[in-house]
Amino acid sequence: NENPKILHVSCHGDQIKKDFYLAFEKEFTGEEDQFTEHSLNKVMTGMKDLQINLIFINACHSQRMGEIFLNAGVPIAVCV
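Predicted model only: the values in this text are computed from it and were never measured.

Peer 1: Sorry, what's going on with the pairing of strand S2 (residues 12-16) here?
Peer 2: Of the pairings in the sheet, the one linking S2 to strand S3 (residues 19-25) comprises 5 bridges and is antiparallel in character. Opposite Asp 14, over in S3, you have Tyr 21 as the bridge partner. The turn linking S2 back onto S3 is made up of 2 residues, and Lys 17 within it adopts a positive phi angle of 55 degrees.

Following this line, the structure appears as structure tokens:
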């Protein structure tokens, strides 16, 4: 909301078939919310004016998500 320059994501990451996702918690139910590669691509495509300089992803299978941020123009992605 405040146009961050650095984004740190720490969560569970997994894969279903060939689709990777980051797992977050739904706000009111506490259920798992799977944020897929497709979802991330849509968000990043719609936010071209976002000026994130560094993304740090701390999750299993984080490399693919980091690649999406790089392809969207984030210059540095650290995936652990």
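Peer 1: What am I meant to see in the pattern of salt bridges here?
Peer 2: Here the idea is simple: oppositely charged side chains can pair when their charged atoms come close. Taken as a whole, this structure holds 2 salt bridges when the rule is applied. Close ionic contact of Glu 37 with Arg 64 constitutes a salt bridge, the shortest N to O distance being 2.5 Å. One end of the pair, Glu 37, is in helix H1 (residues 37-46); the other, Arg 64, is in helix H2 (residues 62-71), and 27 residues separate them in sequence. Take Arg 64: its relative accessible area is 28%, and that puts it in the partly exposed class. The shortest N-O distance in the salt bridge between Arg 64 and Glu 67 comes to 3.0 Å. Taken together, the positions of Arg 64 and Glu 67, both in helix H2 and 3 residues apart, correspond to about one turn of that helix. Through salt bridges with shared partners, a single network forms among Glu 37, Arg 64 and Glu 67.

Peer 1: What exactly am I supposed to notice about the packing of aromatic side chains here?
Peer 2: In the structure shown here, the tally under the stated rule is 1 aromatic pair. Each ring, one from Phe 24 and one from Phe 35, has its centre 6.3 Å from the other, and the planes form 70 degrees; the classification is edge-to-face. Of this pair, Phe 24 sits in strand S3 while Phe 35 sits in strand S4 (residues 32-36), and the two are 11 residues apart along the sequence.

Peer 1: Is there a simple way to explain the sheet that holds S4 in this structure?
Peer 2: Backbone hydrogen bonds hold the strands of a sheet together, and the pairing may be parallel or antiparallel. A sheet is described by the order of its strands in space; here 3 strands give the open sequence S2-S3-S4, paired in antiparallel fashion. This sheet does not close on itself; its edge strands, each paired only once, are S2 and S4. Here the average twist between neighbouring strands, direction ignored, is 40 degrees. Where S3 meets S4, 5 bridges bridge the pair, whose relative direction is antiparallel. Opposite Leu 22, over in S4, you have Phe 35 as the bridge partner. Relative to S4, H1 is tilted by about 65 degrees, and along the sheet it contacts S3 and S4. Sheet strands in contact with H2 are S3 and S4, and its direction is about 95 degrees off that of S3.

Reading the values: the criteria
- Residues numbered from 1 in each chain as written.
- Predicted model: local features only at pLDDT ≥ 70, side-chain atom pairs only at ≥ 80, totals over all residues.
- Heavy atoms only, no water.
- Pairing = 2+ DSSP bridges.
- Helix = DSSP H or I, 4+ residues; strand = E, 2+ residues; numbered from the N terminus.
- Salt bridge = Lys/Arg side-chain N within 4 Å of Asp/Glu carboxyl O.
- Buried < 20%, exposed > 50% of the residue type's maximum accessible area, 1.4 Å probe, protein only.
- Phe/Tyr/Trp six-rings, centres within 6.5 Å; stacked < 30°, edge-to-face > 60°.
- Axes fitted to C-alpha atoms, helices over the stretch in contact; angles between N-to-C directions.
- Contact = heavy atoms within 4.5 Å.

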